[in-house]
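The primary structure of each chain is shown beneath.
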Amino acid sequence: MRIRKKTIVWGIVVLFLGALAVKYLFFQPIIVPKDFIDARQNSINVAQTITRLSNDSLVDISRIGQLDKAGRIKDALDLVSKAIKDNQQARVEAVKLSAYLEVMAKNLQDISPYGARDLATEALGYEVTLINHLITYNDYLNQLFNVLQEKFEGKNGNADAQIKSWINKVNKVGEEINTLNKKYNDTMIKFDKLTSKT
């Protein structure tokens, strides 16, 4: 009778531990820290500003080309100066974005369930890579604007070939940024589905 009682007690202990394991492995609570949510929202706002500034730069490049063809060098130079300032502002925004991503990264370990944490980690990886590309993009734009400025000031006789090269580089990195941004957004949509409490 004593052996049977021990077997029953051990059976209950095993069932209890099994139930706990199932609960923690399959029925994890949904937890997304407030700091993560706030930093994510702020990063979205900053990313929109960066996107607007980048799109403005592309419009400026096109307009500068039109002004150049029309022989309106002073207007083209003024627009190059504005574009350089906008590009510097985009750099400042990229620094802000990286600070928000850092806050999100610090809160990853508190996200539950595990699948959501993995998705958030993957998405942050895309966004960090995007920031690196964004820095390169801004550097290329700055080089392009400097060559345009030299051209309009008559300081660079080989400017047209350099301009074409910089535009190709800007476009290539821009495509990579768009791809990374899409991957980030797609991954965060999956994250939102896993952490939705509806």
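Quick note: structure is the one above.
Predicted, not measured: the structure shown is a model, and the values here were computed from it. (Residues numbered from 1 in each chain as written. Predicted model: local features only at pLDDT ≥ 70, side-chain atom pairs only at ≥ 80, totals over all residues. Heavy atoms only, no water.)

### Section: helix α4 (residues 114–152)
So, step 1. Taking 1.5 Å of rise per residue, the 39 residues of α4 would be expected to cover 57 Å, and the 56 Å separating its terminal C-alpha atoms lies within 8% of that figure.
So, step 2. With its phi angle positive at about 75 degrees, Gly154 sits one or two positions after the end of α4. (Helix = DSSP H or I, 4+ residues; strand = E, 2+ residues; numbered from the N terminus. Expected span 1.5 Å × (residues − 1).)

### A short note on the environment of Val128
So, step 1. Looking at where Val128 falls in the secondary structure, it is placed in helix α4.
So, step 2. Placed 52 residues apart in sequence, Val128 and Leu180 show a C-alpha to C-alpha distance of 9.5 Å.

### A word on the packing of α4 against helix α5 (residues 159–195)
So, step 1. Here α4 crosses α5 at 160 degrees, and the two axes come no closer than 8 Å. For the element pair α4 / α5, the angle class is roughly antiparallel. Where α4 crosses over α5, the handedness of that crossing is left-handed.
So, step 2. Per-class residue counts for the contact of α4 with α5 are 25 nonpolar, 10 polar and eight charged. (Axes fitted to C-alpha atoms, helices over the stretch in contact; angles between N-to-C directions. Parallel < 35°, antiparallel > 145°, perpendicular 65-115°, else oblique. Left-handed = near helix turned anticlockwise from the far one by under 90°. Nonpolar A, V, L, I, M, F, W, Y, C, P; charged D, E, K, R; others polar.)

### So, the pattern of salt bridges
So, step 1. Counted under the stated rule, the structure contains 15 salt bridges.
So, step 2. The salt bridge involving Glu176 is made with Lys172; its shortest N-O contact spans 3.7 Å. Of the two residues, Glu176 and Lys172 both sit in helix α5, four residues apart, roughly one turn of that helix.
So, step 3. A relative accessible area of 53% places Lys172 in the exposed class.
So, step 4. A salt bridge links Asp186 to Lys182; its shortest N-O distance comes to 2.8 Å. With Asp186 and Lys182 both in helix α5 and four residues apart, the pair spans about one turn of that helix.
So, step 5. Judged by relative accessible area, Asp186 falls into the partly exposed class, the value being 35%.
So, step 6. Overlapping salt bridges bring together Asp60, Lys82 and Asp86 as one network. (Salt bridge = Lys/Arg side-chain N within 4 Å of Asp/Glu carboxyl O. Buried < 20%, exposed > 50% of the residue type's maximum accessible area, 1.4 Å probe, protein only.)

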